[in-house]
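Coordinates in review
Letter by letter, the chains look like this.
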Amino acid sequence: MEAVWAIFILIGLMVFGVPVAWSFAGVLMYLIWVYEVGTATLLLQGFRSLDSVILLALPLFVLAGYLMQSGGVARRLIGFMELMVRGRKGGLGASLVLSSGVFGAISGTATAAVASIGTIMVDPLANRCYPRGYTSALLGLSSLLGILIPPSLTMILFGVVTRQSITALFAATLVPGILLLVGLIIFNRFMANRFLPDQDEAGAPAAVQGGGARIFGKALPALSMPVIILGGIYGGVFTPTEAAAVACVVAIFIGFFIYRDLTFAGLRDSFIEAGETTGTIIFILLFSFMIGRVLVAEGVPQDLTRAVAAVTDNSILILLLVNAFLVFVGMIMDDLSVTVVIAPLFMPLMNDAGVDPVHFGSIVACSVVIGANSPPVAPILYMACRIGKVSIHHAITPALQMIFFVALPIMIAVTFVPALSLAVPRMLGVH
């Protein structure tokens, strides 16, 4: 019962606007008081959990994302994606989805994709008769491709808290990410028939300047980054942590010497912003590790397993219940909270149900995509609406349509067809 109250306290603090890290701190204080836990040992265990080489990939990938924002990588990617879909109805919307997918394959974070892709794409889409509410919803959903298409900060956190292979988790979310990308493009093509019934989108897109060969040449350095990062990881050249460091070096080189958009002021700002973002995440991780220690010591995950087993022992119903709970919690809590606190609680239950931990990581990632764009909290959708300069009320209906017709079917398919998550890791020999 105390664990249930802890979750309600966490949700309540976040709803009332308390920063996420301090919401976790409040929950930790409650659990220490209820269970009378010794803080000295708990703090030591928490700091030891942060002493991880794998976790070093987190700040490095965050920094790489900010460097690519400042270095002009996003603008070149958008130009290339618009070139690919030029002249097709719904082409600009498709280029937004494709750009978010490729940018996600480099930065691994949804917020960077929203900021980088949204600031460039929203106004041109509005000028081509796309409703701003729809565009903001499409931006919010497609930005979450950064969680599914590796490298992914969410999967790094999941791997750290559950002690699973980061490389295997990266590979497990690749197929779901591609399915979401294709699904959003098809959905956008269908909706474009309503927005653009009597016109196509021929002509030079807003971000495209110059001929096709020139545009491709400008985009080639940016397109080389996911090849270098993912090729290096799965080719056994370097670990995910080393890949994050390589991504930073390559982003600085491209920004300074090839595109020449990255300045020393931009480099300084990127380091500052990455430090602030990483600091917040590390605080959340520290508190979540200690919360997890308390809950495990008190047998809460085992109690949860027994409670669900008392309701049903059918693995299909168990997976449906877990899916529903993850989506519900994701509507209220951010993706970090779901990943580092809620997901590990279900790990013993998933083991008893015969669900592979790497497969479960893919399920969690798919649920985050839905929860992050579902009211009342919907942090990514709110951010997309701010960039789209539109009230969230205009974005809720199209966002729910995309969730119902695209994201939710993909999550169900990933849940009940384990091969969608496990085939690639096994084929690459990383699981």
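Conventions used here
Residues numbered from 1 in each chain as written. Predicted model: local features only at pLDDT ≥ 70, side-chain atom pairs only at ≥ 80, totals over all residues. Heavy atoms only, no water. Helix = DSSP H or I, 4+ residues; strand = E, 2+ residues; numbered from the N terminus. Rg over C-alpha atoms; globule rule 2.2 N^0.38 Å. Buried < 20%, exposed > 50% of the residue type's maximum accessible area, 1.4 Å probe, protein only. Contact = heavy atoms within 4.5 Å. Phe/Tyr/Trp six-rings, centres within 6.5 Å; stacked < 30°, edge-to-face > 60°. Expected span 1.5 Å × (residues − 1). Arc of directions from axis to C-beta. Salt bridge = Lys/Arg side-chain N within 4 Å of Asp/Glu carboxyl O. Polar contact = N/O pair within 3.5 Å; in protein donor to acceptor, adjacent residues only side chain to side chain. Axes fitted to C-alpha atoms, helices over the stretch in contact; angles between N-to-C directions. Parallel < 35°, antiparallel > 145°, perpendicular 65-115°, else oblique. Nonpolar A, V, L, I, M, F, W, Y, C, P; charged D, E, K, R; others polar. Patch = residues over 30% accessible without salt bridge, like charges linked within 9 Å, V, L, I, M, F, W, Y side chains within 5 Å. Areas by Shrake-Rupley, 256 points an atom, 1.4 Å probe, with all protein chains shown as cover.

**Examining the overall build of the protein**
Secondary structure assignment for the protein yields 23 helices and 0 strands. Its C-alpha atoms give the protein a radius of gyration of 21 Å, near enough to 22 Å, the size a compact globule of 431 residues would have. On the principal axes, the C-alpha backbone points of the protein span a range of 65 × 45 × 45 Å. Every one of the 431 residues in the protein was classed for burial, and the buried ones make up 57%. Excluding contacts between residues fewer than 6 apart, the proportion of contacts in the protein whose partners are at least 24 apart in sequence is 81%.

**Notes on the environment of Leu230**
Following the sequence through the fold, Leu230 ends up in helix H13 (residues 212–234). On the basis of relative accessibility, which here comes to 18%, the residue Leu230 falls in the buried class. In this structure the C-alpha to C-alpha distance between Leu230 and Val308, which are 78 residues apart in sequence, comes to 39 Å. Apart from residues no more than four positions distant in its own chain, Leu230 is found in contact with Pro150, Pro151 and Gly235.

**Let's talk about the packing of aromatic side chains**
Tallied over the entire structure, the rule returns 11 aromatic pairs. Ring geometry for Trp22 versus Phe287: centroids 6.1 Å apart, planes at 50°, classification tilted. Of the two residues, Trp22 sits in helix H2 (residues 20–35) while Phe287 sits in helix H15 (residues 264–297), which places them 265 residues apart along the sequence. We classify Trp22 as partly exposed; its relative accessible area is 47%. Residue classification places Phe287 among the buried positions, given a relative accessible area of 11%. Between the aromatic rings of Phe404 and Phe405, the centroid separation amounts to 5.1 Å while the plane-to-plane angle is 90°, which identifies the pairing as edge-to-face.

**Things to note about helix H3 (residues 39–50)**
The terminal C-alpha atoms of H3 lie 17 Å apart, and with 12 residues this matches the ideal 16 Å at 1.5 Å per residue to within 8%. Listed in full, the buried residues belonging to H3 are Leu42, Gly46, Ser49 and Leu50. An end-on view of H3 places all buried positions within 100° of arc, on one side of the element. Among the exposed residues of H3, those pointing more than 90 degrees away from its buried face are Ala40, Thr41, Phe47 and Arg48. Check the buried side of H3 and you find it contacts H2 and H15.

**A look at the pattern of salt bridges**
Summed over the entire model, instances satisfying the criterion amount to 3 salt bridges. We note a salt bridge from Arg76 to Asp261, for which the minimum N-O separation is 2.5 Å. You can see Arg76 sitting in helix H5 (residues 73–84) and its partner Asp261 sitting in the loop between helix H14 (240–258) and H15, a full 185 residues away along the chain.

**A short note on the side chain of Thr162**
Considering the arrangement of structural elements, one finds Thr162 in helix H10 (residues 153–162). Exposure remark for Thr162: the relative accessible area of 12% places this residue in the buried category. A polar side-chain atom of Thr162 sits 2.5 Å from the main-chain carbonyl oxygen of Phe158. Residues within four places of Thr162 in sequence aside, it is in contact with Pro344 and Met347.

**With respect to the packing of helix H20 (residues 357–371) against helix H22 (residues 393–416)**
It is at 9 Å that the axes of H20 and H22 come closest, and there the two elements cross at 170°. Considering their axes alone, H20 and H22 lie roughly antiparallel with respect to each other. For the pair H20 and H22, the contacting residues are His359, Ser362, Ile363, Cys366, Ser367 and Ile370 in the first and Ile403, Ala407, Leu408, Met411, Val414 and Thr415 in the second. Residues that form the contact of H20 with H22 fall into these classes: 8 nonpolar, 4 polar and no charged.

**So, the environment of Ile252**
As for its position among the elements, Ile252 is in helix H14. On the accessibility criterion, Ile252 (24% relative accessible area) is partly exposed. Separated by 104 residues in sequence, Ile252 and Leu148 have C-alpha atoms that sit 25 Å apart. Not counting the four nearest positions on each side in its chain, Ile252 is found in contact with Leu67, Leu262 and Leu267.

**Notes on a nonpolar patch on the surface**
On the surface, a cluster of nonpolar side chains totalling about 480 Å² of accessible area is made up of Ile316, Leu317, Leu320, Ile412, Phe416 and Val417. Within the secondary structure, Phe416 is located in helix H22. On the basis of relative accessible area, Phe416 is assigned to the partly exposed category, the value being 31%.

**Let's talk about the side chain of Thr415**
Among the secondary structure elements, Thr415 is positioned in helix H22. Residues contacting Thr415, with those up to four places away along its chain left out, are Leu319, Asn323, His359 and Ile363.

**Here's the deal with unusual backbone geometry**
In this structure, Pro151 follows Pro150 across a cis peptide bond, with omega equal to 0°. Summarising the element assignment, Pro151 is placed in the loop between helix H9 (145–148) and H10. Phi at Arg260 is positive, roughly 60°, even though this residue is not glycine. Residue placement: Arg260 occurs in the loop between H14 and H15. A relative accessible area of 66% means that Arg260 is categorised as exposed. The backbone phi angle of Lys389 is positive, close to 55°, even though this residue is not glycine. Counting through the fold element by element, Lys389 comes out in the loop between helix H21 (379–388) and H22.

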